[in-house]
Amino acid sequence: MNIEKRTIEFIPEEERHGSVRNLFTIWFSANMQITTLVTGALAIEFGLTLFWSIVAVVIGNLLGAIFMASHSVQGPKLGIPQMIQSRAQFGVVGAVIPLIIVILMYIGFFASSGVLGAQAISSAFSLPLNWSIVLISIITLVITLFGYDLIHKMEKYFAIIFAIVFVFVTVEAFRLPMPAHIWVPGHFSAGPFLLTVSIAATWQLTYAPYVADYSRYLPSNTPSSKTFGYTYAGTVIGTVWMMSLGVILTALIPKFLSNSSAGLAKLVGPQFAVIMYVVIVLGVLAVNVLNLYGAFMSITTTLEAFTKLKATMKVRFWLVFVTAIIGTILAIWGHGNFLSNFENFILLLSYFMVPWTAINLIDYYLLRRGEYNVWDVFDVNGQYGKFNWVAIIAYLISFILEIPFVNTTMYVGPVSKALDGTDIAWIMGLIAPLVLYYYPMRKKLNLSFGNHPMANKPVNK
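Here we come to the overall build of the chain. Looking only at helices and strands, one finds 19 helices and 0 strands in the chain. For the chain, whose C-alpha radius of gyration is 22 Å, the value lies close to the compact-globule estimate of 23 Å for 461 residues. Taken along its principal axes, the extent of the C-alpha atoms in the chain is 70 × 55 × 40 Å. Only carbon and sulfur atoms are counted for the fraction: they give 70% of the accessible area of the chain, which is about 18000 Å².

A word on the environment of His152. As for its placement among the helices and strands, His152 is situated in helix α9 (residues 148–174). Note: C-alpha distance between His152 and Glu4 (148 residues apart in sequence) is 12 Å. Once residues lying within four places of it in the same chain are set aside, the contact partners of His152 are Asn22, Leu23, Ile26 and Tyr214.

Right, let's talk about a nonpolar patch on the surface for a bit. On the surface, Tyr365, Leu366, Ile427, Ile431, Leu434, Val435 and Tyr439 cluster together into a nonpolar patch covering about 620 Å² of accessible area. Residue assignment for the nonpolar patch shows that the elements contributing at least two residues are α15 (338–367) and α18 (425–436). Element by element, the count of residues in the nonpolar patch is highest for α18, at 4 residues. Structurally, the position occupied by Tyr439 is in helix α19 (residues 438–448).

Moving on, we come to the environment of Gly186. Structurally, Gly186 can be placed in the loop between α9 and α10 (190–205). Considering only alpha carbons, one finds Gly186 and Gly370, 184 residues apart in sequence, at a separation of 46 Å. Apart from residues no more than four positions distant in its own chain, Gly186 is found in contact with Thr49 and Trp52.

Here the focus is the packing of helix α2 (residues 34–45) against α10. At a minimum axis distance of 9 Å, the contact between α2 and α10 shows a crossing angle of 160 degrees. The orientation of α2 with respect to α10, classified from their angle, is roughly antiparallel. For the pair α2 and α10, the crossing hand works out as left-handed. Side by side, α2 and α10 meet where Thr35, Thr36, Thr39, Leu42 and Ala43 of the first sit next to Thr196, Ile199 and Trp203 of the second. Here the residues of the contact of α2 with α10 sort into 4 nonpolar, 4 polar and no charged.

Calculation rules
Residues numbered from 1 in each chain as written. Predicted model: local features only at pLDDT ≥ 70, side-chain atom pairs only at ≥ 80, totals over all residues. Heavy atoms only, no water. Helix = DSSP H or I, 4+ residues; strand = E, 2+ residues; numbered from the N terminus. Rg over C-alpha atoms; globule rule 2.2 N^0.38 Å. Areas by Shrake-Rupley, 256 points an atom, 1.4 Å probe, with all protein chains shown as cover. Contact = heavy atoms within 4.5 Å. Patch = residues over 30% accessible without salt bridge, like charges linked within 9 Å, V, L, I, M, F, W, Y side chains within 5 Å. Salt bridge = Lys/Arg side-chain N within 4 Å of Asp/Glu carboxyl O. Axes fitted to C-alpha atoms, helices over the stretch in contact; angles between N-to-C directions. Parallel < 35°, antiparallel > 145°, perpendicular 65-115°, else oblique. Left-handed = near helix turned anticlockwise from the far one by under 90°. Nonpolar A, V, L, I, M, F, W, Y, C, P; charged D, E, K, R; others polar.

Here you go:
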């Protein structure tokens, strides 16, 4: 298996390859892991009943995945990574603003997933937790260095393993003693319910900045409906399955979240415990490779805007290595307060990432209809310029408008307080750019688009 040669540059048609069906396995595998399980389990921690927890998980994922899979469609059409495409909205230099948030997101998820994988290694082989974190980071580093093709191949085989093992785990979960009427809906609490919907939707939305990275090598004539469909099905089935399993196990097993890896091993019995630990580690690898690869791509995109960086093999190694070191240090530092840190982290991300998602999709689907000059996203003097202040201002104002609706342990907005703790900031983050970006940008494009000498240059030339 050769190391990937391309990084953030355009993928020529003669190098396009792969099957669109692989998008199902990559996003199924990425979600069939213990971090997803723990995320779903937060619903029980918020005080929801089992029934309403699963309903919230399903609704949140079905909604969030629409936006996530819509980004995936951009990969075959444009042949470039997701975040460098964002230069067409924010400008070549202006795109650094959301890029910084995305880089922090990748590193944060790398660290949080690494903690859960390390718990499995530590429990299975009696290694100290910190050394287990280092070990899983090293394995992730090696796979990431090989890049796109190895990642796709690995995820395809992992999908088969995960499906088999978690069918068994799910059967065992339903064999646990269940209190009478546990499936009865019971008391409905709007605040925790909508908070869980927000977290589930955010789980999908945080994939948006890198989902097109794994479809960009597909032939440009790949039907958009298939790109969307396989991505949507893979991510929804994997996530709903694991989040619902997390809900059930947390509701039935006391203190399950104190060490979820050990809880799963105990569930399957001592004869299968080591296999369970190995599968947990593989699941963490499945998603952490995507996190590290995405961080590398985003850092390269950021640096290239200022330095015209060429991602040679040496540069590739050092960028991936340094990113892995930072993520590993964060995992070692933060594992003591994991659940609290993780909950705050994914909520914080949504407040920044949702407006970016809205701006990107509005631009792609409603304004430019998928027609971009790929070459100009690499040129500060091209038609997209250094900064697009329409996008930057819309992004920042949309974030500010979310603040009254937020609910975190650090701050609860006045609207959220009035709604009994309900957090609907992500809905505001999706709606606000429809006004703040769409109308000013449509006017700007009407005035300038047809006059630009490169405006109508075909994408793939």
